[in-house]
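Architecture and fold: a report
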Amino acid sequence: MRARIKKFLDSGTLFVWFCGTAVAASLLLVGGVLLLIMVNGLGFFWPHALVDLTLTDGTHVLGELKGEEVIPYSETPAFPEGKTRVRLKVGNRDLYGLDFRWVDTDQIVSAESPKDVAAFERREWGNFYGRIREVSRGGDVVASGNQEGWKALQPLIEQANDLHEEIEHLQRDVIGDINYDIEETRLKIRELELSGQHEPQEVAELQTATKQLETQYEKHVATLRKLSRQLDEYAVILVETNGREKQLAVGQIVKALRPNDMGFVEKILRYFMNFWSVLSEEPREANTEGGIFPAIFGTVMMVLIMSVAVVPFGVLAAFYLREYARQGLIVRVIRIAVNNLAGVPSIVFGVFGLGFFVYAVGGTLDTLFYPEALPTPTFGTGGILWASFTLALLTVPVVIVSTEEGLSAVPREYREGSLALGATKFESMLRVILPCALPGILTGLILAVARATGEVAPLMLTGVVKLAPALPLDHHFPFLHFERKFMHLGFHIFDVGFQSPNVEAAKPMVYVTTLILVMVVIVLNLSAVALRNYMQKKFKASAV
Amino acid sequence: MQAAETTMASSERSQDNEHKLTVEDTDFFYGEKQALFKVALTVPTHHVTAFIGPSGCGKSTLLRCFNRLNDLVEGARVIGRICLDGKDIYDPSVDVTDLRTRVGMVFQKVNPFPKSIYQNVVYGPQLQGVRRRSVLDGIVEKSLQGAGLWEEVKDRLHHSALGLSGGQQQRLCIARALAVNPEVLLMDEPCSALDPISTAKIEELLHSLKEQLTVVIVTHNMQQAARISDLTGFFLMGELIEYAETKTIFTNPSDSRTEDYVTGRFG
Ligand SMILES: Nc1ncnc2c1ncn2[C@@H]1O[C@H](COP(=O)(O)OP(=O)(O)O)[C@@H](O)[C@H]1O
Ligand SMILES: [Mg+2]
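Everything numeric in this text was worked out from a predicted model, so none of it was measured.

So, about the interface of chain B and chain A. Counting from both sides, the interface comprises 30 residues of chain B and, opposite them, 23 residues of chain A. In total, about 2200 Å² of surface goes out of reach between chain B and chain A, with carbon and sulfur atoms giving 59% of it. The three residues of chain B that bury the most area against chain A are B:Pro114, B:Tyr123 and B:Leu127, which together make up 27% of that side's buried surface. Run the count over chain B and chain A and you get three salt bridges. The shortest N-O distance in the salt bridge between B:Glu74 and A:Arg326 comes to 4.0 Å. At the junction of chain B with chain A, the criterion picks out five residue pairs in polar contact (both at pLDDT 80 or more). At the level of secondary structure, the elements contributing two or more residues to the side of chain B that touches chain A comprise helix H3 (96-102), strand E6 (103-106), helix H4 (117-127) and helix H7 (166-178) of chain B. For the side of chain B that touches chain A, the leading source of residues is H4(B), giving five residues. Looking at the side of chain B that touches chain A, its residues break down into 13 nonpolar, eleven polar and six charged.

This is the structure:
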């Protein structure tokens, strides 16, 4: 018997099982996380059905069903063990104070899903669930009753949305441009004053230019006011399920849906529209609603700048360490130090980035090149460039290590073969070793991108903000504005999930942002992998 | 025609010097470890000279002194004189890259670059600044013909060199070395990893190559040395035991150790 057990142990079958279990457990964990994010994130876009519950006390509750649970610690007579309750998103925050409500299951008399109730997505106060009493224009009733009102409302909402777009355009593009020009002119005047040898005439010219810009500005602001008034032209009176009324301007409604009245195809269509609007729109309501486009843009742009910074830096360092430096104690110590650098907590890099890049480098740049803007800092404050550089610093060990691995994998025969043909060491490196090491370098880039996309802590010190007024890329020369602050998906998750006043209502947004962050990481990684495979093809096997 | 021209040019180039390489009382050290002891020999022009001996006896070391590839090894030192055409190649005034274009090398481990066949051959000429496509095309054809590979690869010059068979890859390496028009070709066990047919092809090649240049070949295979070389040097533990005409070495060696080795009693 003992011998049999020993034989079994020695055969390694048990070990194989252990190994298999370890792999299975890891896969299960990763898969579970992804599944959780997918289910919660992807569910967000679906137009959920509305249920109308009639309670024992005769009141109604209308909303989206969000789940059922056994009431925890329910042992008192009023709450016997095993009693359940359901959670509903009831919206109407301005009337009820809270978006969510628990209802004990035994309080429910009946549940239906009436086809005539609608979900209104509003620009403020979250969703409203209910029916329409009347639509009016400046006090005159245009349509009354739920059915009539619904028909009248649809084109009005579209109009209002167009109007919003126009206002947005006017505000951001037209007035934004004027503001930009005014600021530029102010800086020019200041620059002339600082230089001390300006012609008074020049300044006067600039000042008249400013005057002109300001009159233009006034004009556009007047138009803006007119447009805003138009938004309030139509009003709608909504009633919630218990009959309480709420009057609001049609301009406040983003969209109105009757989810119980929608067919499957219609819902799918709406699903993709919702998905697209989250991807492409700006956030609203302290980021808890609307889209996350600026955060996606900021994340991707930051990673790109980081890649451009980290690759040459890391590759040069690795080449020096592996090819030029005398292999010995010092190089070994440096190598260990570099490896350990990868383990330094990222917040430490953040502090370093703030102290070195932002204050030291940025502050110096400001006094040297942007004195006219002072005391407002240009580069002397957090910005996308400094954040990217900080992350480049954070990820450079990864690139160095993989590049070194790539270099050491280049067979000695290639080096000797190249040298024997009369190449110098530099020529050999450029023409044979670098192409052979490219897969290793790009593997380093892939790892760096993966690490950098998920990093948040150092960014909070070096340039990420909750809401950035402008993207770091626009049509103003020089197009890339490295000094600007930016938004980031990882920070967005933190901010929406833990810093917003209405955490429960923001939960779906957290899942959606997480899902998109994961997707961005995957897309960025796949691009880097594709780049590596392309390069490998170009320089290796089928060198066409 | 072209080959004849080259032959003439290279024979003119070295007619005045019968001894292409001369080694005078040379010691070689890898750090503390001495790998060559007082080696002295001369390599005649337009001949094939073979180095034989058991492994670890310093054949490769001596070969790699001829193109100064040993410079790469940290702590390597040469004491003595090694001359190419009467000029000391370890003189500080010598340009090493220049030396290496005059003294080409083919390695034991087949090492075409992971590039196309064409790019492999033009690697050396491009380093020397040849850019004209027509010139490069000519070099590629001539070198591949010189290495007996042209007919086999002329339709796939721009395919990867790694797609060739082992023997073809080794001949590509020879073509690559020929492309820079060297005066000496060093071959370090060029056939040790190849099948008999590929080996035969390369041996055949050597006969034509020696018309154009001087060949120094290291080999493990005594039959091979007997078949292809004009002179043979026998090394043992870093010492040159005997150096003479191949026929003499194999039929009537003067040292008993040489005799033991060539008759297969050790090694
Ligand atoms: N790079 C090196 N560093 C230290 N010792 C070496 C190195 N290359 C070769 N040697 C030693 O030098 C001796 C001769 O080697 P080598 O010339 O390669 O012999 P072979 O005749 O087999 O080609 C051997 O003992 C070997 O161990
Ligand atoms: Mg050897």
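Here the narrative resumes.
This brings us to the site of ligand 1. All names here are of chain B. The environment of ligand 1 is formed by Tyr 30, Lys 33, Ala 35, Ser 55, Gly 56, Cys 57, Gly 58, Lys 59, Ser 60, Thr 61 and Val 73. One nitrogen or oxygen atom from the main chain of Gly 58 is found 3.1 Å from an oxygen atom belonging to ligand 1. Ser 60 is positioned with one of its side-chain polar atoms (N or O) 2.5 Å from an oxygen atom of ligand 1. Burial of ligand 1 by the protein chains amounts to 64% of its free accessible area of 560 Å².

Residue and element names in this part refer to chain B. Considering the arrangement of structural elements, one finds Gln 169 in helix H7. Residue Gln 169 is classed as buried on the basis of its relative accessible area of 12%. Apart from the residues lying within four places of it in its own chain, the contact partners of Gln 169 are Val 110, Pro 112, Ala 161, Leu 162 and Leu 164.

The subject of this paragraph is the sheet that holds strand E8 (residues 214-218) of chain B. Residue and element names in this part refer to chain B. Taken together, the six strands give an open sheet; going across it, the order is E6-E7-E8-E3-E9-E10, and neighbouring strands pair in mixed fashion. Where the open sheet ends on each side, the last strands, each with one partner, are E6 and strand E10 (239-245). Across this sheet, the average inter-strand angle for adjacent strands is 15 degrees, counted without regard to direction. In the sheet, E6 pairs with strand E7 (residues 184-188) via four bridges, with the strands oriented parallel.

Moving on to the state of the cysteines. Disulfide: a covalent bond connecting the sulfur atoms of a pair of cysteines. Residue and element names in this part refer to chain B. All told, the structure shown has zero disulfides over all chains when counted by the stated rule. Of the cysteine sulfurs around Cys 57, a residue in no disulfide, the closest is that of Cys 65, at 13 Å. Classification of Cys 57 as buried rests on a relative accessible area of 2%.

For any pair of aromatic rings, geometry is given as the distance between the ring centres together with the angle between the planes. Residues and elements named next belong to chain A. A complete count under the given rule lists 23 aromatic pairs over all chains for this structure. Seen from their ring centres, Phe 45 and Phe 275 are 4.6 Å apart, and the 75 degrees between their planes marks the pair as edge-to-face. With Phe 45 in the loop between helix H2 (13-43) and strand E1 (51-55) and Phe 275 in helix H6 (residues 264-280), this pair connects stretches of sequence that are 230 residues apart. A relative accessible area of 17% places Phe 275 in the buried class. An angle of 5 degrees between the planes, with centres 5.7 Å apart, marks the rings of Phe 357 and Trp 386 as stacked.

The rules behind these values
- Residues numbered from 1 in each chain as written.
- Chains lettered and ligands numbered in written order.
- Predicted model: local features only at pLDDT ≥ 70, side-chain atom pairs only at ≥ 80, totals over all residues.
- Heavy atoms only, no water.
- Contact = heavy atoms within 4.5 Å.
- Buried area = accessible area lost by both parts, 1.4 Å probe.
- Salt bridge = Lys/Arg side-chain N within 4 Å of Asp/Glu carboxyl O.
- Polar contact = N/O pair within 3.5 Å; in protein donor to acceptor, adjacent residues only side chain to side chain.
- Helix = DSSP H or I, 4+ residues; strand = E, 2+ residues; numbered from the N terminus.
- Nonpolar A, V, L, I, M, F, W, Y, C, P; charged D, E, K, R; others polar.
- Near = heavy atom within 4 Å.
- Areas by Shrake-Rupley, 256 points an atom, 1.4 Å probe, with all protein chains shown as cover.
- Buried < 20%, exposed > 50% of the residue type's maximum accessible area, 1.4 Å probe, protein only.
- Pairing = 2+ DSSP bridges.
- Axes fitted to C-alpha atoms, helices over the stretch in contact; angles between N-to-C directions.
- Disulfide = S-S within 2.5 Å.
- Phe/Tyr/Trp six-rings, centres within 6.5 Å; stacked < 30°, edge-to-face > 60°.

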